[in-house]
Structure formats: C-alpha cells, structure tokens
Amino acid sequence: MKNKAAKALLRENNDREKALSPAGQKEMTDVVVYLRGQDLSLLQQEEVRRDLIAMALAGEARGETVAQVVGEDYRFFCDEIVDALPRRSPASRVLAAVDDVLPALSILLGIWVVKKVVEAGLNGESLWRLTLTLGEAASIGIMLAAAVGMVAYTCQTALERPDPAASRGKKCLLAWIFWVVLLAAVLLPSLLLTSPLCGIQLPVAVVIALAPLAVSGLLSQRQDL
C-alpha cells in the first residue's frame, strides 16, 4: 500500500492517461516504466507523469504526437527532468529498495510454505514443523535477486530503441540461454544442497511469510519513498 497522496495521484493519472490515443498511451507507458527505475519517490514520479500527460494531451489536441511534443529522444528528455528534481536521502533510497523487495520476498516465502505443507502431506510427515534446507534458502535468494535485476533492467531499457542489427534469432537465443541459466541456478541448489538449515513451526512460518508485507505497508506510508 502506498501513501495516500501518491495513491490519489496515481489513480488520477491512470484516468487522465486513458484520454490519450492508443499510440500515446503506449509511449507514455514506456516513459512511466523508465521513471519507475529513477531515483525519485513514487509521489515525484507521479507528479512528473501528471505533467507529461498534460503535455501529451495538449499536443494531441494540436494534432501532434508525443514524440513531436517532447522530442524523439525520450530518455534525454526524462533525464533532464529527473536531474532537475531533488534527490532522496541515502536512508530513503535504502528504505525504498527494501520496500521494493519485500512483497516479492513475501510471495516467495508463501510459496515455500505451501510447497513444504504439500510435500509433508504427501509424505505422511508432520505438518507442524517445516524444515528449511540450505538449498531452498539459496534458491529463494537467487529468485529474489533475479526478480530485482529483471525489474531494474526493464526500467533502464524501457526507452531504448530496438537495435536493427540484432536479428530476431539472436534475441531468442540470448533469451533462451538466460532462462536456462536462471532455471538451473534456482533448481540446482534445492536439489544438491539438502542439508537442513533450520526447523520452523508452521504458524511461525506463516507469520514470517506475511511479515514482509506488513513491513512494506508501513514503509509505503512514507512520502519520501
């Protein structure tokens, strides 16, 4: 849950963006994805987005595209705006990074709890105490790092123009290699590192899985994140 001011502006921007043409909405989506990866609070991002939507709507009313309004180099245009805004404090940046990770961590922990309960039920073992292995902990860490990396990469490259020299076959091969490596990195630790790390009672495991969401809810009330 985000702070009230940011949530209200987010809803307002979502509604206003619907007035843009389909092409304008697509271009604005790329801009918003790029802004999500910048050193700005959510409120600052939505304030910039509000101004950009207003510019795009005014431009379309004159028969101009978004590119004609802001220029062909969207990234340069956005960087100029971001550079003119005040930066968050180091503490705010750290808390924002933690807040971004916590929901994903809660999901992964929840999946682990369900997986262990199902395995225990199928094997006729006690459901009361779940055992976390070294490999499972490593897999959760790898998946979390991969998710953060993919989001960061998507945000940073949202406004990059496709490279005409890169063939579709090459892109598919690189994507296939990436997913194979990631899948191996996630699965192999769980299969090979089976040493018990710790035992967790089921109610405690559920609380641990939900705790990151609770902390995220508290952090998201801050307007500097």
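Values in this document were obtained by computation on a predicted structure and should not be read as measured data.

Conventions used here
Residues numbered from 1 in each chain as written. Predicted model: local features only at pLDDT ≥ 70, side-chain atom pairs only at ≥ 80, totals over all residues. Heavy atoms only, no water. Axes fitted to C-alpha atoms, helices over the stretch in contact; angles between N-to-C directions. Helix = DSSP H or I, 4+ residues; strand = E, 2+ residues; numbered from the N terminus. Parallel < 35°, antiparallel > 145°, perpendicular 65-115°, else oblique. Left-handed = near helix turned anticlockwise from the far one by under 90°. Contact = heavy atoms within 4.5 Å. Patch = residues over 30% accessible without salt bridge, like charges linked within 9 Å, V, L, I, M, F, W, Y side chains within 5 Å. Areas by Shrake-Rupley, 256 points an atom, 1.4 Å probe, with all protein chains shown as cover. Salt bridge = Lys/Arg side-chain N within 4 Å of Asp/Glu carboxyl O. Buried < 20%, exposed > 50% of the residue type's maximum accessible area, 1.4 Å probe, protein only. Expected span 1.5 Å × (residues − 1). 1 Å grid on protein atoms, 1.4 Å probe; cavity = no way out; pocket = protein on both sides within 12 Å on 5 of 7 lines; lining within 4 Å. Points joined across faces, edges and corners; volume = space filled by probe spheres on them. Nonpolar A, V, L, I, M, F, W, Y, C, P; charged D, E, K, R; others polar. Core = buried A, V, L, I, M, F, W, Y, C linked by side-chain atoms within 4.5 Å.

### What to know about the packing of helix α2 (residues 22-36) against helix α5 (residues 74-83)
Where α2 contacts α5, the two axes come as close as 11 Å, and the packing angle between them is 45°. Viewed along their axes, α2 and α5 adopt a mutual orientation that is oblique. Judged by the twist between their axes, the crossing of α2 over α5 is right-handed. Residue-level contacts link E27, V31, Y34 and L35 of α2 to Y74, R75, C78, D79 and V82 of α5.

### Points about a nonpolar patch on the surface
A contiguous nonpolar surface patch, about 780 Å² in accessible area, is contributed by L134, L183, L187, L188, L191, L192, L193 and L197. Mapped onto the fold, L193 is located in the loop between α8 (168-192) and β2 (196-201). A relative accessible area of 38% means that L193 is categorised as partly exposed.

### Side note on helix α3 (residues 42-61)
With 20 residues, α3 extends 28 Å from end C-alpha to end C-alpha; this agrees with the ideal 28 Å at 1.5 Å per step. For α3, every residue scored as buried is listed here: L42, L43, Q44, Q45, E46, V48, R49, L52, I53, A56 and G59. G63 lies just past α3 and shows a positive phi near 85°.

### Considerations on the layout of surface pockets
Put simply, the largest pocket is a space of about 740 Å³. Lining the largest pocket are 28 residues, with R36, A96, A97, D100 and V151 sitting closest to its centre. Of all the secondary-structure elements, those providing two or more residues to the lining of the largest pocket are α3, α6 (90-123) and α7 (134-156). Classifying every residue of the lining of the largest pocket gives 14 nonpolar, seven polar and seven charged.

### Notes on the nonpolar core
Ranked by size, the top nonpolar core spans 20 residues in total, and within it M28, V31, L35, L52, Y74 and L159 carry the most contacts. Every element with two or more residues in this core is listed here: α2, α3, α4 (66-70) and α5. If one sorts the elements of this core by residue count, α2 sits on top with five residues. Within the second largest apolar cluster, eleven residues are counted, among which are L108, I140, L144 and A209.

### A closer look at empty space enclosed by the protein
Taken as a whole and assessed by the stated rule, the structure comprises one cavity of 30 Å³ or more. Of the pockets and cavities examined, the largest cavity occupies roughly 60 Å³. M28, V31, L52, V66, V70, Y74, F77 and C78 are the residues that line the largest cavity. Going through the elements one at a time, α2, α4 and α5 are the ones with two or more residues in the lining of the largest cavity. Broken down by element, the residue count for the lining of the largest cavity peaks at three residues, all from α5. Tallied by class, the residues present in the lining of the largest cavity amount to eight nonpolar, no polar and no charged.

### What about the packing of α2 against α3?
The geometry of α2 relative to α3 is characterised by a closest axis approach of 11 Å and an angle of 160° between their N-to-C directions. The angle between α2 and α3 falls in the class roughly antiparallel. The way α2 lies across α3 gives a crossing that is right-handed. Contacts between α2 and α3 involve G24, M28, V31, V32, L35 and R36 on the former and, on the latter, L42, Q45, E46, V48, R49, L52, I53, A56 and E60.

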